[in-house]
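Here is how the chains run, residue by residue.
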Amino acid sequence: MAAQKDICDAIVIGAGIQGCFTAYHLAKHRKRVILLEQFFLPHSRGSSHGQSRIIRRAYPEDFYTQMMDECYQIWAQLEHEAGTQLHRQTGLLLLGMKENSELKTIQATLSRQGVEHQCLSAEELKQRFPNVLLASGEVGVLDKSGGVLYADKALRALQDAIRHLGGLVCDGEKVMEIKPGFPVTVKSMAGSYQAKSLVITAGPWTNQLLRPLGIELPLQTLRINVCYWREKVPGSYGVSQAFPCFLGLGLSPAPHHIYGLPSGEYPGLMKVCYHHGNNVDPEERDCPEAFSDIQDVQILGRFVRDHLPDLEPKPALLEPCLYTNTPDEHFILDRHPKYDNVVIGAGFSGHGFKLSPVVGKILYELSMKLTPSYDLTPFRMSRFPGLGKAHL
């Protein structure tokens, strides 16, 4: 525990991937940083646990595709520093109807940004990936830079790096009170800390910390079922068979995206998930499933049956994960409107992991009052009206 009189440069609340990368960038720039986490590490209560995430440049928005350039560089740098593999290139296959507007937009963005990709007709897809069945009119776009991030290894590598660079990682320390001002004071269950700036990356618990500071962000916490499906022949959808990650856009019977990663985390099981979930209180994430959860799994089962015939169409394993979504599914990266030494990173909406190297850099820059490296217009909280400014 830091003594009350020690004023550090920054406190970061929340040791998920965004908080870890923020603390990493601060420590790299020789700032004295304390990373506070309410649960004991490692834990599976939030949004950053599990073994794998997709990494991709394929996005409809140019700004994410541009940010991903530097993300790939920082992921490679962390991998080099840690001396352990954190990433595997598999390619990312986007699947959709030929006339799907999102598929067309992503293709145009990849072309505009000079990202190597390949458009595949139904016939070409059948030759390359014979164990993927397509409905009439479905086509593919292959983002060759896509792949898998080893999420749990990445978190461990970052936490080790923060400590190695002189930062403090304090787990099992739930924040009880934030006293804004200069310095800002943070009281946890274990003690009191002071810092020149505070960064809040608390995922589903963000608004609990912000309400006493006079604002409430339009964040929705969703419980997602992370589903694993047994291969009829082990390895048939594996990396060794050059099977890519995939993202299904508006494919029947799913109104939301469906995504999958090659088998490997659990031997003989492939991760295929629905990019959508159901409202949940983060304190009750382990409660029995709602009927709507079962519906989501049924949608996935029909997709698996119709598109991935070499998988058993019932999930072998379900693991819960939390998304914290904004209404437009773009992040919030901004300063508190009243306390400019309080910085907020929130609303990563189930697609923030891959972008965390740059998100962490931006939050570091905001906390140190540096000019941000990227245009933050898409990420400002002012895009949402009525954030409780009457309380300020």
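Procedures and definitions
Counting restarts for each chain: residues are numbered from 1 in the order of the written sequence. Reporting of local features is limited, given that this is a predicted model, to residues whose pLDDT is at least 70; pairs of side-chain atoms are given and counted only at 80 or more, and all residues count toward the totals for whole chains, interfaces and linings. Side-chain figures throughout are based on the complete set of non-hydrogen atoms in the structure, without hydrogens or water. UniProt positions are given in the numbering used here, feature names are shortened, and annotations may be inferred rather than shown by experiment. Helix numbering and strand numbering both begin at the N terminus, where a helix is a DSSP run of H or I of at least 4 residues and a strand a DSSP run of E of at least 2. Values of the radius of gyration come from C-alpha atoms, whereas the globule rule sets the reference at 2.2 Å times the count of residues to the power 0.38. Contacts were defined at the residue level, with two residues in contact if any of their heavy atoms lie within 4.5 Å. The rule is simple: take the accessible area with a 1.4 Å probe, protein chains only, and divide by the maximum for that residue type; under 20% is buried, over 50% is exposed, in between is partly exposed. An expected span of 1.5 Å times one less than the residue number is assigned to each helix. The term bend refers to the angle at a residue between two fitted axes, each drawn through seven residues, those ending there and those starting there. What makes two strands pair is DSSP finding at least two bridges between them. Axes here mean lines fitted to C-alpha atoms, for a helix over just the part in contact, with angles spanning 0 to 180 degrees between N-to-C directions. Note that a disulfide, as used here, is simply two cysteine sulfur atoms within 2.5 Å. What is meant by a nonpolar core is a set of buried Ala, Val, Leu, Ile, Met, Phe, Trp, Tyr and Cys residues, joined one to another through side-chain atoms within 4.5 Å. Note on angle classes: values under 35 degrees are labelled roughly parallel, values over 145 roughly antiparallel, values of 65 to 115 roughly perpendicular, and the remainder oblique. For any pair of crossing helices, the crossing counts as left-handed if the nearer helix is rotated counterclockwise from the farther one by less than a right angle, and right-handed if it is rotated clockwise. Three residue categories are used. Nonpolar comprises Ala, Val, Leu, Ile, Met, Phe, Trp, Tyr, Cys and Pro, charged comprises Asp, Glu, Lys and Arg, and polar comprises the others, including Gly.

For the protein, an unreviewed UniProt entry supplies the name Peroxisomal sarcosine oxidase isoform X1 and the organism Acinonyx jubatus. As its UniProt record puts it under Cofactor (unreviewed entry), the protein is described as follows: "FAD". Entered under Sequence similarities (unreviewed entry) in the UniProt record, the comment concerning the protein runs "Belongs to the MSOX/MTOX family."

> Could you give me a rundown of the overall build of the protein, with the residues and numbers involved?
Of regular secondary structure, the protein possesses 8 helices and 20 strands. On C-alpha atoms alone, the protein measures out to a radius of gyration of 21 Å, which is about the 21 Å that the 2.2 N^0.38 rule sets for 392 residues. The dimensions of the protein, computed from C-alpha atoms along their principal axes, are 65 × 45 × 45 Å. The contacts of the protein with a sequence gap of at least 6 include a subset with a gap of at least 24, amounting to 75%.

> Any details on the side chain of Ser 52? Residues and values, ideally.
With respect to the helices and strands, the residue Ser 52 is situated in strand E3 (residues 52-55). A relative accessible area of 2% means that Ser 52 is categorised as buried. Dropping the residues within four chain positions of it, Ser 52 is found in contact with Val 148, Leu 149, Ala 151, Leu 261, Glu 265 and Lys 271.

> Which residues make up helix H2 (residues 62-82), and what values go with them?
With 21 residues, H2 extends 30 Å from end C-alpha to end C-alpha; this agrees with the ideal 30 Å at 1.5 Å per step. Maximum bend of H2: about 25°, positioned at Asp 69. Gly 83 occupies a position one or two residues after H2 and carries a positive phi of about 70°.

> Break down the sheet that holds strand E4 (residues 87-89) for me, citing the residues and quoting the values.
Pairing between sheet strands relies on hydrogen bonds along the backbone, with the strands arranged either parallel or antiparallel. Pairing within the open sheet is antiparallel, and its 3 strands lie in the order E3-E8-E4. The sheet terminates laterally at E3 and E4, the two strands that pair on one side only. Across the sheet, the mean angle from the axis of one strand to that of its neighbour is 25°, orientation sign disregarded. Packed onto the sheet, H2 meets E3, E4 and strand E8 (147-150) and runs at close to 140° relative to E3. Here helix H5 (residues 151-164) sits on the sheet in contact with E3 and E8, set at roughly 45° to E8.

> I'd like to hear about the state of the cysteines, residue by residue, with values.
Tallying each qualifying case throughout the model produces 0 disulfides. Between Cys 170, a free cysteine, and Cys 8, which holds the nearest cysteine sulfur, the sulfur-to-sulfur gap is 9.7 Å. Between Cys 273, a free cysteine, and Cys 227, which holds the nearest cysteine sulfur, the sulfur-to-sulfur gap is 5.9 Å. Taking the relative accessible area as the measure of exposure, Cys 273 reaches 0% and is therefore buried.

> Lay out the nonpolar core with the relevant residues and their values.
Grouped together as the largest cluster of nonpolar side chains are 48 residues, with contacts concentrated most on Phe 21, Leu 35, Trp 75, Leu 78, Phe 331, Leu 333 and Leu 355. The set of elements that each furnish at least two residues to this core consists of strand E1 (7-13), helix H1 (17-28), strand E2 (33-36), H2, H5 and helix H8 (356-367). Among the elements that take part in this core, H2 stands out by supplying 8 residues, more than any other. Residues within four places of Leu 78 in sequence aside, it is in contact with Phe 21, Tyr 24, Leu 86, Ala 154, Ala 157 and Leu 158. In this structure, Cys 8, Leu 36, Ala 195 and Ile 344 belong to the second largest nonpolar core, which totals 31 residues.

> Could you give me a rundown of the packing of H1 against H5, with the residues and numbers involved?
Running from N to C, H1 and H5 point in directions that differ by 30°, and their axes come no closer than 9 Å. By the angle class used here, H1 and H5 are roughly parallel. Crossing of H1 against H5: the hand is left-handed. Listed contacts from H5 to Ile 17, Cys 20, Phe 21, Ala 23, Tyr 24 and Ala 27 of H1 are Leu 155, Leu 158, Gln 159, Ala 161 and Ile 162. Across the contact of H1 with H5, the residue classes tally to 10 nonpolar, 1 polar and no charged.

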